[in-house]
Every structure is written in C-alpha cells, then in structure tokens.
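Working through the structure, step by step
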Amino acid sequence: MEHFVYQDGQLVCDGVRVADVAREHGTPVYVYSEAAIRENCRALRDAFAEVEPLICYAMKANDSVAVCRALLEEGCGFDIVSGGELFRALKAGADPKKIVYAGIAKTRSEIEYELTSGILMLNVESEPELERINAVAGDLGVEANVALRLNPDVDPGTHQHTITGKKGTKFGVDLDAALPVADRAGEMENVRLVGLHMHLGSPINSPEPYGLALERVVAFL
C-alpha cells in the first residue's frame, strides 16, 4: 500500500491531507504514517521469523513517543544510545528486558541507570569500557549482561562518513584483537558475555556486505 499519495493535486497521508495538518499545527511539521511504520516492522519480522527475532528499533532515528508506542504494540524492543533515550523508552511503556544499550560514550551515570533499570544487555565497544561496566556493576552489586561489538572489517559500499564496520573506524573491537577481550570478560566477576554485536553503517543497499560480515562473525563465534 502507498501511504503517501497525491489526490487531486494534494499530498495525502493515509487519507489525511497534509495541507490540513499544516494548517492545524503550523510549519515546519513532520508527518509520519503509522500504517507504514507498522507494515515495515511486520515485513522485517516476517523475513526473520525462522529465528524468532527480537527486533529492537533504534530510537536515535526517531524517539517520538507515539512512534515508539506503535512499534511496542508490534512487539518491538529498543536500541538506545543514551540515558535520555532509556527514559523515553520506559515512558512509552517498553519492557526493560527488550532494551539494548549501544553507543561509544556511555557515562558512569548512564551505565548505572541502565543496570538498575534491568535492561537486556549493554553492547561493549572496547576493553576499557568493559572494565568500566564491570566496576559499576560491582559497586551496584549486580551482574551486567554484555555483548561484544566486533568490527568485521567489511566495506558496505556506503558513504565514507557512515561506515562503521571497517578496520580503522572508531567502532567495535577488531576481530584479531577480540578474543583476548572476550577472555577478559569471562574472568570478570560482574559481567556476563551473552552475545556478539556488529553494525556496518548506513545506508546499505545490498545484502552482500551483511553476508560477508556474518561469515566472519560466525567464524569468530
């Protein structure tokens, strides 16, 4: 279904004329199709149905509580990169056990907030960050679930400033250095390594880079 169409020369979103929205709310105004959001979410979920995925929406794309609630109703969790996003996710009604905390600049107060909120896991970008999470978890008397972010050294063929999974970028741990970091996590008293994470960049218009990256991550696993 096309959710944005022209009817009699007027732009219409899901049966509502955008001009009427602009008159009522003023401009600039952002208009989203809830039906399109739900439809795309279902398509993604159906594509991966065989592995029963937890689809976590990246709130940094749009943290509107209305958008988040629509995705919650579709069974989604959230991928967050700040304490502020956690606050908004919980305000929208999210289950903390369906929230993943990513990002390379986690502060101590944010780590404390995530751990006391009981989120699913924190993605670890480096060994120093792993040490920090272990220390904070120890001070709180809890165990932190973490996923190690790997850099699979794959060029996804996108813009040079949005590539995040190629060697030399600031994101993740290089594959040739990741095993000692994983071993270190296993020695720590207050963290539990529960997964691996990767992110190649955006936009990516072909599945091939994902296939190559997954081959390398599975080999590492």
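In case you missed it, the structure is sitting above this.
Residues numbered from 1 in each chain as written. Predicted model: local features only at pLDDT ≥ 70, side-chain atom pairs only at ≥ 80, totals over all residues. Heavy atoms only, no water.

Topic: the sheet that holds strand β2 (residues 10-13)
Counted only if it meets this: Whether two strands pair depends on DSSP finding at least two bridges between them. Counting from the N terminus, the helices are DSSP H or I runs at least four residues long and the strands are E runs at least two residues long.
The antiparallel open sheet is built from three strands, whose spatial order is β1-β2-β3. Looking along the sheet, the strands with just one partner apiece sit at the ends: β1 (4-7) and β3 (16-17). Direction of pairing for β1 relative to β2: antiparallel, over a ladder of four bridges. Among the inter-strand pairings, Tyr6 is bridged to a residue of β2, identified as Leu11.

Quick word on a nonpolar patch on the surface
Heads up, the rule is: Without a salt bridge and with relative accessible area above 30%, a residue can belong to a patch; like charges are then joined within 9 Å and nonpolar side chains (Val, Leu, Ile, Met, Phe, Trp, Tyr) within 5 Å. Calculation of accessible area relied on Shrake-Rupley with a 1.4 Å probe; when residues are assessed, cover is drawn exclusively from the protein chains displayed. Salt bridges are defined as contacts in which a side-chain nitrogen from Lys or Arg sits within 4 Å of a carboxyl oxygen from Asp or Glu.
The grouping of Leu44, Phe48 and Val51 at the surface amounts to a nonpolar patch, some 300 Å² of accessible area in total. Relative to the elements of secondary structure, Phe48 occurs in the loop between α2 (34-47) and β4 (56-58).

With respect to the packing of helix α4 (residues 83-92) against helix α5 (residues 108-117)
What counts, and what does not: To get an axis, a line is fitted to the C-alpha atoms, and for a helix only the part in contact is used. The angle between two axes follows their N-to-C directions and goes from 0 to 180 degrees. Working definition: roughly parallel below 35 degrees, roughly antiparallel above 145 degrees, roughly perpendicular at 65 to 115 degrees, and oblique for all remaining angles. Here, residues are in contact when the closest pair of their heavy atoms is within 4.5 Å. Amino acids outside the nonpolar list (Ala, Val, Leu, Ile, Met, Phe, Trp, Tyr, Cys, Pro) and the charged list (Asp, Glu, Lys, Arg) are all regarded as polar, and Gly is one of them.
One way to put it is that α4 packs onto α5 with a least axis distance of 9 Å and a crossing angle of 30°. Relative to α5, the element α4 lies roughly parallel. On α5, the residues that touch Gly83, Leu86, Phe87 and Leu90 of α4 are Glu110, Tyr113, Glu114 and Ser117. Split into classes, the residues belonging to the contact of α4 with α5 amount to four nonpolar, two polar and two charged.

Focus on unusual backbone geometry
Our working definition: Throughout this description, buried means an accessible area under 20% of the type-specific maximum (1.4 Å probe, protein chains only), exposed means over 50%, and partly exposed covers the range between.
In this model, Thr27 is joined to Pro28 through a cis peptide bond whose omega is 0°. Along the chain, Pro28 turns up in the loop between α1 (18-25) and α2. In this chain, Ser202 is followed by Pro203 through a cis amide linkage whose omega measures -10°. Tracing the backbone shows Pro203 in the loop between β10 (191-197) and α8 (208-220). The backbone of Glu52 shows a phi angle near 50°, a positive value even though the residue is not glycine. With respect to the helices and strands, the residue Glu52 is situated in the loop between α2 and β4. Using a relative accessible area of 72% as the deciding quantity, one classes Glu52 as exposed.

What about the side chain of Glu125?
Which entries qualify depends on this criterion: What qualifies as a polar contact is a pair of N or O atoms within 3.5 Å, subject to a donor-acceptor requirement within protein and to the restriction that residues adjacent in sequence count only when both atoms come from side chains.
Checked against the element boundaries, Glu125 lands in the loop between β7 (121-124) and α6 (127-140). Under the relative-accessibility criterion, Glu125 is labelled buried at 6%. Of the polar contacts made by the side chain of Glu125, one reaches the backbone nitrogen of Gly172; its length is 2.9 Å. Apart from the residues lying within four places of it in its own chain, the contact partners of Glu125 are Gly103, Ile104, Lys106, Arg149, Phe171, Gly172 and Val173.

Quick word on the pattern of salt bridges
Summed over all chains, the structure comprises 15 salt bridges. Where Arg42 meets Glu74, a salt bridge forms, and the shortest distance between an N and an O atom there is 2.7 Å. Taken as a pair, Arg42 in helix α2 and Glu74 in the loop between α3 (65-73) and β5 (77-80) lie far apart in primary sequence, 32 residues in all. Put simply, Arg149 and Glu125 hold a salt bridge, and the shortest N to O gap is 2.8 Å. In this pair, Arg149 is assigned in strand β8 (residues 144-151) and Glu125 in the loop between β7 and α6, connecting sequence segments 24 residues apart. This pair shows no difference in class: Arg149 is buried, exactly as Glu125 is.

Quick notes on the packing of aromatic side chains
Where two aromatic rings form a pair, the distance of their centres and the angle of their planes describe that pair. Counted only if it meets this: Whether two aromatic rings pair depends on their centres lying within 6.5 Å, for rings of Phe, Tyr and Trp, where Trp uses its six-membered ring; planes under 30 degrees apart make the pair stacked, over 60 edge-to-face, and the rest tilted.
A complete count under the given rule lists one aromatic pair for this structure. Here the aromatic rings of Tyr57 and Phe78 are separated by 6.4 Å at their centres, their planes lie at 70°, and the arrangement is edge-to-face. With Tyr57 in strand β4 and Phe78 in strand β5, this residue pair connects regions lying 21 residues apart in the sequence. Classification of Phe78 by relative accessible area gives buried; the value is 0%.

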